[in-house]
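Residue-level listing of the chains:
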Amino acid sequence: DSGVTQTPKHLITATGQRVTLRCSPRSGDLSVYWYQQSLDQGLQFLIQYYNGEERAKGNILERFSAQQFPDLHSELNLSSLELGDSALYFCASSVAPGAGTGELFFGEGSRLTVL
Amino acid sequence: GIQVEQSPPDLILQEGANSTLRCNFSDSVNNLQWFHQNPWGQLINLFYIPSGTKQNGRLSATTVATERYSLLYISSSQTTDSGVYFCAVGGSSNDYKLSFGAGTTVTVRA
């Protein structure tokens, strides 16, 4: 158990819908990272927050948004869903402000299926 | 960004065999981690090893930062070792993300 909690574990929805994925970081960790793992793209970095502030953006679509709340949990919102958004979405956390300065720990992922 | 290459892409082992997985990266790193993704999709931390050598049971890892590669050794493999092994790197202290390699898929047969 990494200490990072993600909900829901599985989600099935239809095209055009909107979903919210939730992540609670390890106790004491201030950084939260979101990654997408699809079959053809591997593990892709989406976005990172540190202590409530957005720090870095990767390959995140405009239809996706995220935020980190004062209690440090984070949510990833996916809207206008398409078939290609079906993937495993991981949240990771670290105590450090960036991956260049500390170890990351990953949650078990949220598996999204868009039908 | 930093490019990460893993080899081999696939590995089939007989139970009890030893193996070496390799990770090459294109620039200096401050963070290097090895993960095991099990058949249920979970990403398990194996090593945080930006340099040096570490061992944990039947697994060990070595990173030679000056030559930009890391090796993961699996000894006396078991069927539970099956899955995908990822190497991921973080560059300078301004680098906010881990960049992942494509992974090595390991299948251990009984």
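Our subject is the structure listed above.
Residues numbered from 1 in each chain as written. Chains lettered and ligands numbered in written order. Predicted model: local features only at pLDDT ≥ 70, side-chain atom pairs only at ≥ 80, totals over all residues. Heavy atoms only, no water.

### Section: the nonpolar core
Residues L21, W34, L72 and V89 of chain B are the most contacted members of the largest nonpolar core, which totals 22 residues. Counting only elements with at least two residues in this core, the list comes to β2 (10-14), β3 (19-25), β4 (31-37), β5 (43-48), β7 (59-64), β8 (69-74), β9 (83-90) and β11 (104-109) of chain B. Core analysis: the second largest hydrophobic core is formed by 21 residues, Y49, L76, A87 and V114 of chain A among them. (Core = buried A, V, L, I, M, F, W, Y, C linked by side-chain atoms within 4.5 Å. Buried < 20%, exposed > 50% of the residue type's maximum accessible area, 1.4 Å probe, protein only. Helix = DSSP H or I, 4+ residues; strand = E, 2+ residues; numbered from the N terminus.)

### Details of the pattern of salt bridges
Residues and elements named next belong to chain A. All told, the structure shown has six salt bridges over all chains when counted by the stated rule. Note that D29 and R26 form a salt bridge whose closest N and O atoms lie 2.8 Å from each other. Overall, the relative accessible area of 24% leaves R26 in the partly exposed class. Notably, a salt bridge pairs R63 with E82, separated by 3.7 Å at the nearest N-O pair. Of this pair, R63 sits in the loop between β6 (53-57) and β7 (64-68) while E82 sits in the loop between β8 (74-78) and β9 (87-94); the two residues are 19 residues apart in sequence, bridging distant segments of the chain. Among the charged side chains, a network of salt bridges with common partners joins R63, E82 and D85. (Salt bridge = Lys/Arg side-chain N within 4 Å of Asp/Glu carboxyl O.)

### Considering the pairing of β7 of chain B
Looking along a regular strand, one sees the side chains alternate between the two faces of the sheet. With five of six residues buried, β7 of chain B is to be regarded as a mostly interior element. Here β7 of chain B hands over to β8 of chain B after four residues, with R68 of chain B in that stretch at a positive phi of 60°. (Pairing = 2+ DSSP bridges.)

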